[in-house]
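Take a look at the letters that make up each chain.
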Amino acid sequence: MRSFYTTLKYLAVTLWTIFVIGPFLWALSTSFKDFNSVTSGAKYIPWAQFEPTLDGWRVLTKTSAEGGVDIIEPFFNSLTVTGLASLISIVLGTLAAYALSRYQFKFGFVKNNDITFFFISQRIMPPVVLALPFFILLSNFGLLDSILGLIIVYIVLLMPIAVWIMVDFFNKVPREIDETALVDGCNPFEAFFQVVLPNSIPGLVVAGMFCLIFGWTDFFFSFFLTFTEVQLLPVRIVALNSSITPWWSLSAAALVSVAPLLLVAFIVERFLSKGNLSGALK
Amino acid sequence: MRFGHKYAFLLPGLLVLIAILIFPILFTVRLSLSGWNSYNPNLDFVGIKNYIRLFTSDARFWEAFFRLSFFSFTTVFLQYVLGFGLALLVWKDILFKRFFRVLFLIPMMTTPVIMTVIWKTVFHESLGPVNDLLSYVGVSYNWLSDPVVSKFTVIIVEVWQWTPFMFLLLLAGLLSLPKEAFLAASIDGAGPIRKFIYVTFPLMAPISIGAIIIRLIEASKIMDTIYVLTSGGPGTSTETTSFYIFIKGLREFQFGYAAAMSFTYLIIMIISLTVIVNVLVRVFNGRNS
Amino acid sequence: MKQRLRHYIMPLAVTLGAASTASGDQWSDQFPHIANTGDIAGECSYESMSQKDYSGRTLTINTHAVPVMGEPTALHAESFAALTGATVDVIHTPAGDLYSKAMIPFQAGQAPYDIVFGFSNFIRDWLPYLEPVPEYYVNMRQMQDVTQSHIDVNSWDGQMVQFPIDGDRHYLKYRKDVIDNPEMQAKYLADTGNELRVPQTWKEYAEMASYFNGWDWDNDGELEYGSAEVMKKDDLMYAAFFSRSVAYSKNPRTEGGFFFDLETMEPLINNPGFVEALTDWVEATSYVPPGGINFGLGDEINSFGGGQTLFSFSWDDAFVAAMEDTSPIKNQVGVAPLPGADRVWNRDTGAWDDTYNQAPYIVWGWTAAVAKKSKNHEMAFDYLCFFANDANHQADIAIGRFGVNPFKKSDFVPEIYVERQGWDPQIAQEYSETLLDMEEGSTNRVFPLRVPGVFEFTSAVATGTSKALAGQLSPQEALDEVAAEWEAILDRVGRDNVRDAYAIGVALEDNLR
């Protein structure tokens, strides 16, 4: 019976793995194709079924005058904006989440849950109509087409996530821990930084990851709020998306844009496993 | 003394958020009371005309809402079930555990705008691999051009992209569960299934609820997938509220009306989510033995 | 017809001859793009631009993605920068977002882009934000060479506000290896009793497309289908619908409007002519490739250009792709005017006129304009003029992926395509003649809808027709829905506002020289 369950387990994992990797394999294969290989039906294996070329990849380093889309600078812009915005969002968000988890607030009829809900409700509104007011807002402060401007907008996008997730994780850390620390003579800040925070590493890691992901993959705001100075990666990649959709270069671009987050995934996984250990050591 | 501290924690984040948001939100409200469109980019005041139009003569908005509910509930449910299942699978007792954990995270990290183009090529009815492979078993579907099948294609792509979200949150939750509860259950002689139903699942309630709510919020804004795959078609079979707002706002430039739609959407979502949270709490806590 | 072509060849030959012996060599060495013709003299030639000094100035351009229009923009930007010392920043934006990306800043009172590229039917919405083209440029020989319909499409009420840099039209493309093939002709005749020829009406088109649908008629091991059309409910499919409608609804005997009755501003979109066209289009879903109902322009190009279908009829791109060196069907495709119809609706009499009717749809194409609030008007116009100068333009139209298509009278010369792109001379001839005839020779034609809120109208058409294609509504129901929506839009935007604007287009249609 056990071996039946085990086989089932591995089967399930394998199936899902195929589902996850499938599109990437297809993208990989497609990134080496050209117009003919694409339009003559589905082809999979280079050399065996079609003549591979490096055009799709080369396009990513050529300038647009050469028919390419240089993604190197936008790549680093994205790193900067996403990284800084996530950092600020995590810091401010975690502090706020701690307060919402540990203290009682009451501004009139507005209580803790309402405030938490206020944070997350910023994610509800579809961004479409916000293009105009944010444009006006940033232009009044001269922050259009700037890293700082984008960071400010991204904070609005990312802080709610940080708050929402950290409130959940802080709620799982028993209050006794705080109490103990306070009794031991710490002030609330020390209690937070030295005792509670280290016990919430999994939460921080997860919140950090989501901030990075949502920031890295945003397209809408960077599309309307930047022009020439600061271009982010997704905006630059869709510069390839003309009426003749180039399957090959978009495939290559998709693979490239995932790469940095892969690194993040590794780091996250390590922290998750470690977090487990530290959680058990309480 | 404690008072000072609690505000010191909360206010920096809260105030920064409000400071950045105050103008856009107020502007959008004012926008919804105006007739701003491509021809008339002014904040003229037309009262609640946009709202009246929305509620009395825009069946398309409500149809889109109905479709949105279908998509959101289906995808979030699937993502939750699959995500939880996957998290349980790689939680412990499996080879290459860490490799799988990293692997399962990857889809979430792709930029939807770009990845969906890849999906479009995957599901392309004549040039894509899905129909090609299916032809070996004699089947082929119109993934993007059939009013019913296209809905499932959208769901498949969404599930692929966002199950890792649930997976990660739930895995993190599982990894921080206190061991004591499990020890107690083992001592009581509970098998794996009973352990799950009576220990794991209830302990995961807060994380589950949080994850479901966030996913519902995000799923409702679904845009890139539909935009690239089907443009809301065939006909209007995959058109959701957010896509409809997009068309009205950025294609037709009826900004005033789009703002009214956005606000209505916001209010409806807030009410729905509040109800859903209550339902979920009851569902999860009802299991507590 | 041939006379007219010779009329244009001579000056071109002279210019080419003159240019290549004069300053051509110096510039074509430095800029290999114009190697074939060398620099051609003019106010915006390479030579002239090199005399200008814009060092220290920056020009910002928002253009389409690479390569269609995007690559030539960037290429010419590089040359311009090298010649004048200016810094030129080029941003690339997907087609569907060109409008909004420029419009948001416009409506916020800003002009971050000196030059905005777009489709020429943005004109009425962008009008308040554009700087009209100065007389100096309008009077240049280079501009006078532009065909009248393209000057009209870029002008508003007699004033040029957009700079012609490209030309576009819808025309029929067909597989010569089938239509002109005696074996196929015999087979078709035997099976159907009808002649296999370039379809003269949409009904013939449908018959032939259905016949050649779903079997391998070119022996390449893949199935072929009837027609590749833009049916995906995106920003372009309504143009495909209008192309199909023109023959049934543009009646030379009834003046005063095609989309609306100019006097009453009653939408005509649900009249029997349009309904007939939509019925045809719904039938077309049976002879498009699998997934054809979700084909965007890119898919249509891949499909017809990759040899999958017998016919296609929208923009040039599919034809150009088919004629590329890498295409499997190079020199096997032909060009013809859009099919007509055996009867056309007469709204004055409320009945059909049973006579043959055909009309080109002067569909909008790429255009560029200078922002009114830009601080670099002169430099911007110089750039656009340079973009469209004879040397650059001749080189551009010879590179298929650039998306620059003929719009000057001197473009319709077969030799260009034969020599530079390796086209079969007969095909190049067919191409030049057909296109020129549409531009200069037709007296019954439809101009694109260019009114305030144009996208509200076209979006309604897209939604309605797409519902019919998906089988959600019957053609009549779908178009009735569109007409009702058009009425609502007229109320919102203002009937008179729309009428004033529409009158301009109608005048162009009704007062043809």
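For clarity, every value in this text was computed on a predicted model and none was experimentally measured.

A.B. asks: Just give me the short version of the sheet that holds strand E13 (residues 333–336) of chain C, but keep the residues and values in it.
C.D. replies: Residue and element names in this part refer to chain C. Taken in spatial order, the four strands make up an open sheet running E9-E12-E8-E13, and their pairing is mixed. Whereas interior strands pair on both sides, the edge strands pair on one side only; in this sheet they are strand E9 (225–228) and E13. In this sheet, neighbouring strand axes are inclined to one another by 25° on average, regardless of whether the strands run parallel or antiparallel. Alignment of strand E8 (residues 172–175) against E13, held across four bridges, turns out to be antiparallel. Counted as the bridge partner of lysine 173 is valine 335 from E13. Relative to strand E12 (residues 309–312), helix H12 (residues 202–211) is tilted by about 155°, and along the sheet it contacts E9 and E12.

A.B. asks: Give a description of the nonpolar core that names residues and reports values.
C.D. replies: Most often, soluble globular proteins keep nonpolar side chains buried together rather than apart. Within the largest apolar cluster, 347 residues are counted, with the highest numbers of intra-cluster contacts made by Ala96 and Ala162 of chain A, Leu170 of chain B together with Leu384 of chain C. Split by domain, the residues of this core number at least three in each of domain 1 (2–164 + 364–440) and domain 2 (169–362 + 445–513) of chain C.

A.B. asks: Give me the interface of chain B and chain A: which residues, what numbers.
C.D. replies: For interface size, the figure often reported is the accessible area lost on association. Between chain B and chain A, the residue contacts involve 73 residues of the former and 75 residues of the latter. Top contributing element to the side of chain B that touches chain A by residue count: helix H1 (residues 2–32) of chain B, with 16 residues. Here the residues of the side of chain B that touches chain A are counted per class, giving 54 nonpolar, twelve polar and seven charged.

A.B. asks: Before we move on, could you go through the environment of glutamate 179 of chain A and cite the residues and values that matter?
C.D. replies: Residues and elements named next belong to chain A. Along the chain, glutamate 179 turns up in helix H8 (residues 175–183). Residue class for glutamate 179 comes out exposed when judged on the 11 C-beta atoms lying within 10 Å of it. Sequence separation between glutamate 179 and leucine 261 is 82 residues; the distance between their C-alpha atoms is 38 Å.

A.B. asks: Before we move on, could you go through unusual backbone geometry and cite the residues and values that matter?
C.D. replies: Residue and element names in this part refer to chain C. Omega for the peptide link from valine 66 to proline 67 comes to 0°, which places this bond in the cis form. Within the secondary structure, proline 67 sits in the loop between strand E1 (58–64) and helix H4 (70–84). Residues other than glycine seldom take positive phi values, yet asparagine 219 does so here, at roughly 55°. The residue asparagine 219 is located in the loop between H12 and E9 in this model.

A.B. asks: I'd like a rundown of the environment of alanine 97 of chain A, residues and numbers included.
C.D. replies: Residue and element names in this part refer to chain A. Within the secondary structure layout, alanine 97 lies in helix H4 (residues 72–102). It is 27 Å that separates the C-alpha atoms of alanine 97 and isoleucine 147, two residues lying 50 residues apart in sequence. Apart from residues no more than four positions distant in its own chain, alanine 97 is found in contact with Val163, Met166, Val167 and Phe170.

A.B. asks: Which residues make up the packing of helix H19 (residues 414–421) of chain C against helix H20 (residues 425–441) of chain C, and what are the values?
C.D. replies: Residue and element names in this part refer to chain C. The geometry of H19 relative to H20 is characterised by a closest axis approach of 8 Å and an angle of 140° between their N-to-C directions. By the angle between their directions, the pair H19 and H20 is classed as oblique. Read as a crossing pair, H19 and H20 show a hand that is right-handed. In this structure, H19 contributes Pro414, Tyr417 and Val418 to the contact, and H20 contributes Pro425, Ala428, Gln429, Tyr431 and Ser432.

A.B. asks: Can you break down the interface of chain B and chain C residue by residue, with the values?
C.D. replies: Counting residues at the interface gives 25 residues for chain B and 26 residues for chain C. Looking at the side of chain B that touches chain C, its residues break down into eight nonpolar, 14 polar and three charged.

A.B. asks: Outline the confidence of the model for chain A, listing residues and values.
C.D. replies: The pLDDT averaged across chain A works out to 84; a share of 96% of its residues lies at or above 70. This stretch, residues 277–282 of chain A, has a pLDDT under 50; its non-local contacts, to residues over four places away or in other chains, come to six contacts.

A.B. asks: Go over the packing of helix H3 (residues 59–89) of chain B against helix H7 (residues 149–175) of chain B with me, naming the residues and quoting the values.
C.D. replies: Residues and elements named next belong to chain B. Orientation of H3 relative to H7, taken along the N-to-C sense of each, is 45°, at an axis distance of 7 Å. Relative to H7, the element H3 lies oblique. Crossing geometry of H3 relative to H7 is assigned as right-handed. Between H3 and H7, the contacting residues are Phe71, Thr74, Thr75, Leu78, Gln79, Tyr80, Leu82, Gly83, Phe84, Leu86 and Ala87 on the first element and Val154, Ile155, Glu158, Val159, Trp162, Thr163, Met166, Phe167, Leu170, Leu171 and Leu174 on the second.

Cut-off values and rules
- Residues numbered from 1 in each chain as written.
- Chains lettered and ligands numbered in written order.
- Predicted model: local features only at pLDDT ≥ 70, side-chain atom pairs only at ≥ 80, totals over all residues.
- Pairing = 2+ DSSP bridges.
- Helix = DSSP H or I, 4+ residues; strand = E, 2+ residues; numbered from the N terminus.
- Axes fitted to C-alpha atoms, helices over the stretch in contact; angles between N-to-C directions.
- Contact = placed C-beta atoms within 7 Å.
- Core = buried A, V, L, I, M, F, W, Y, C linked by C-beta atoms within 7 Å.
- Buried ≥ 20, exposed ≤ 12 C-beta atoms within 10 Å, placed from the backbone.
- Domains from an automatic or database assignment.
- Nonpolar A, V, L, I, M, F, W, Y, C, P; charged D, E, K, R; others polar.
- Parallel < 35°, antiparallel > 145°, perpendicular 65-115°, else oblique.
- Left-handed = near helix turned anticlockwise from the far one by under 90°.
- pLDDT = per-residue confidence, 0-100.

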